[in-house]
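Each chain, letter by letter, is given below.
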Amino acid sequence: MPEPKLYFEDFEPGTVIVYGPRLVTREEIIAFAAEFDPQPMHLDEAAASATLLGGLGASGWHTCALIMRMICDGFVLESASMGSPGVDEVRWLKPLRPGTQVRLRATILDKRASNSRPDRGFVNYLFEMIDESDAVLTTITTPLMVLRRVPGTAA
Amino acid sequence: MKFFEDIRVGDVTELGRYTFSPDDIKSFARRFDPQRFHVDEDEAARSHFGALCASGWHTASMWMRLAADQRRLEAEAARARGEALAQWGPALGFRELKWLKPVYAGDTIAYRAEVIEARVSNSRPTSGLVVSLATGDNQKGERVISFVSTVFVQRRPEIP
């Protein structure tokens, strides 16, 4: 594994970076749904138009997975990432339709060193998937766990 | 599919089990979460996880897969009985998702959903909001994932 470029110390609260764009195709929406969320609104235009979604839209879990991929390509793979303990909140605000060029706006809300483990810290992020007209489709609020370059002392 | 009026707080649905094979884990991770501990056994062995483990989004997505299968079975059974079907969804999102323990290659996760709140929607009078605690436990009985999910469920139309 190459030496990571980004450690806990390198994440600055207040930083906003936009990643992408990425085109989301009809084929990938249907493929994800067939494997992980086989409901009519994610699989078939005609069936989807009769649902509350009002037409084919990506599974909300697909939007989460796409955000994960976009942050991997954006910065996670070159960071000393240790994964994440969870997600505070995910909001599926608007459907992700086929053919949308999505971007990902990543805002560092705050960060803190771990109380129990001096080798790591938590970086709290707001991720917003936005479309071509800057409408927010999905938001994720989550802490990422990242190694410290210089371990501190446990609190 | 049940209507809102047929759903009670405390209802538990066992959604079934899923075993995460190394190929499944790597296939999901290569597409959506190619961190070294999700795509490569040797790298994973050197990581803090100690062995290949599933992306948390994979663990969560399999809950959705089994929940969708369950909804389809319920819909087919209701259709066979000649009953009206309620519309479910879309979900508004979820909160308090916790990846409590890694899901390692070979682990079998038992998924379930428990209704913790049910109320009429202010924004959609024809629907109710059903809040569920979604969970997954491994073969040792350890909880590996939990989250709180909120979904619209159609109310039974009033018979005049």
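Residues numbered from 1 in each chain as written. Chains lettered and ligands numbered in written order. Predicted model: local features only at pLDDT ≥ 70, side-chain atom pairs only at ≥ 80, totals over all residues.

1. Concerning the overall build of chain B
Here comes step 1: Helix and strand counts for chain B stand at four helices and five strands.
Here comes step 2: By principal-axis analysis of the C-alpha atoms, chain B measures approximately 65 × 30 × 30 Å.
Here comes step 3: Within chain B, residue pairs in contact and separated by at least 24 positions form 68% of the contacts whose partners lie at least 6 positions apart. (Helix = DSSP H or I, 4+ residues; strand = E, 2+ residues; numbered from the N terminus. Contact = placed C-beta atoms within 7 Å.)

2. A word on the overall build of chain A
Here comes step 1: On a plain count of helices and strands, chain A comes out with four helices and five strands.
Here comes step 2: Reading the helices (α) and strands (β) of chain A from amino to carboxyl end gives β-α-α-α-α-β-β-β-β.
Here comes step 3: Seen through its principal axes, chain A has C-alpha atoms that stretch 60 × 30 × 25 Å.
Here comes step 4: The 155 residues of chain A split such that 36% are buried. (Buried ≥ 20, exposed ≤ 12 C-beta atoms within 10 Å, placed from the backbone.)

3. Examining the interface of chain B and chain A
Here comes step 1: Counting residues at the interface gives 26 residues for chain B, matched by 29 residues for chain A.
Here comes step 2: Counting only elements with at least two residues in the side of chain B that touches chain A, the list comes to α4 (56-80) and β2 (88-99) of chain B.
Here comes step 3: A per-element tally of the side of chain B that touches chain A places β2 of chain B first, with 10 residues.
Here comes step 4: Residue classes in the side of chain B that touches chain A are distributed as 13 nonpolar, seven polar and six charged.
Here comes step 5: Two elements, strand β2 (residues 86-92) of chain A and β2 of chain B, share five bridges in a ladder whose sense is antiparallel. From the neighbouring strand, G86 of chain A faces β2 of chain B, where its bridge partner is K98 of chain B. (Nonpolar A, V, L, I, M, F, W, Y, C, P; charged D, E, K, R; others polar. Pairing = 2+ DSSP bridges.)

4. Re the environment of W92 of chain A
Here comes step 1: Along the polypeptide, W92 of chain A turns up in strand β2.
Here comes step 2: In sequence terms W92 of chain A and V18 of chain A are 74 residues apart; their C-alpha atoms lie 19 Å from each other.
Here comes step 3: What W92 of chain A contacts, discounting residues up to four positions off in sequence, is G60, T63 and T138 of chain A together with P90, A91, L92 and G93 of chain B.

5. Let's talk about the packing of helix α4 (residues 60-74) of chain A against α4 of chain B
Here comes step 1: Their axes nearest at 10 Å, the elements α4 of chain A and α4 of chain B cross at an angle of 170 degrees. Here α4 of chain A lies roughly antiparallel to α4 of chain B, going by the angle between them. Of α4 of chain B, the residues touching α4 of chain A (which contributes W61, C64, A65 and M68 of chain A) are W57, A60, S61 and M64 of chain B. (Axes fitted to C-alpha atoms, helices over the stretch in contact; angles between N-to-C directions. Parallel < 35°, antiparallel > 145°, perpendicular 65-115°, else oblique.)

6. Overview of the nonpolar core
Here comes step 1: Membership of the largest hydrophobic core comes to 66 residues, with the highest contact counts inside it found for C64, I67, M68 and I71 of chain A together with W63 of chain B.
Here comes step 2: Ignoring anything within four residues of it in the chain, the contact list for I71 of chain A reads V76, L104, A106 and F127 of chain A.
Here comes step 3: Membership of the second largest hydrophobic core comes to seven residues, among which are M1, A86, V130 and V153 of chain B. (Core = buried A, V, L, I, M, F, W, Y, C linked by C-beta atoms within 7 Å.)

7. Section: unusual backbone geometry
Here comes step 1: The omega torsion across G20 of chain A and P21 of chain A is 10 degrees, close enough to zero to call that bond cis.
Here comes step 2: Relative to the helices and strands, P21 of chain A resides in strand β1 (residues 16-24).

8. Some details on the environment of A46 of chain A
Here comes step 1: Turning to its location among the elements, A46 of chain A is positioned in helix α3 (residues 45-49).
Here comes step 2: Sequence-wise, A46 of chain A and K94 of chain A are 48 residues apart; in three dimensions their C-alpha atoms are separated by 19 Å.

9. A look at α4 of chain B
Here comes step 1: End to end, α4 of chain B covers 37 Å across 25 residues, agreeing with the expected 36 Å (1.5 Å per residue, within 8%).
Here comes step 2: Looking one or two places after α4 of chain B, you find G82 of chain B, whose phi comes out positive at around 75 degrees. (Expected span 1.5 Å × (residues − 1).)

10. Considering the confidence of the model for chain B
Residues and elements named next belong to chain B.
Here comes step 1: In the predicted model, chain B carries a mean pLDDT of 94, and 99% of its residues have values of at least 70.
Here comes step 2: By mean pLDDT, the top-scoring element of chain B is helix α1 (residues 22-32) (98), and the lowest-scoring one is β2 (90).
Here comes step 3: Both scores are given for the predicted complex: the pTM is 0.95, the ipTM 0.95. (pLDDT = per-residue confidence, 0-100.)

11. Describing the environment of R95 of chain B
Here comes step 1: Its location among the elements puts R95 of chain B in strand β2.
Here comes step 2: Between the C-alpha atoms of R95 of chain B and V131 of chain B, which are 36 residues apart in sequence, the distance is 10 Å.
Here comes step 3: Beyond its immediate stretch of four places on either side in the chain, R95 of chain B contacts D88 and E89 of chain A together with V148 of chain B.

12. Focus on the pairing of strand β3 (residues 108-120) of chain B
All names here are of chain B.
Here comes step 1: Note: strand β1 (residues 12-19) against β3, seven bridges, orientation antiparallel. When the bridges of β3 are listed, T13 appears paired with A113.
Here comes step 2: Two strands pair when backbone bridges link them, and β3 and strand β4 (residues 127-137) are joined in this way by 10 bridges, in the antiparallel orientation. The residue bridging E114 from the neighbouring strand is L133, located in β4.
Here comes step 3: Connecting β3 to the next strand, β4, in antiparallel fashion are six residues.

13. Here's the deal with the sheet that holds β4 of chain B
Here comes step 1: Ordered by their spatial adjacency, 10 strands build an open sheet running β1(A)-β3(A)-β4(A)-β5(A)-β2(A)-β2(B)-β5(B)-β4(B)-β3(B)-β1(B), and the pairing between neighbours is antiparallel. Lying at the two open borders of the sheet, with one neighbouring strand each, are β1 of chain A together with β1 of chain B. Neighbour to neighbour, the strand axes of the sheet diverge by 20 degrees on average, direction disregarded.
Here comes step 2: Relative to strand β5 (residues 143-154) of chain B, β4 of chain B runs antiparallel, the two sharing 11 bridges. Note that in β5 of chain B the partner of L133 of chain B across the bridge is V148 of chain B.
Here comes step 3: Lying on the sheet, α4 of chain B is in contact with β1, β2, β3, β4 and β5 of chain B; it crosses β1 of chain B at an angle near 125 degrees.

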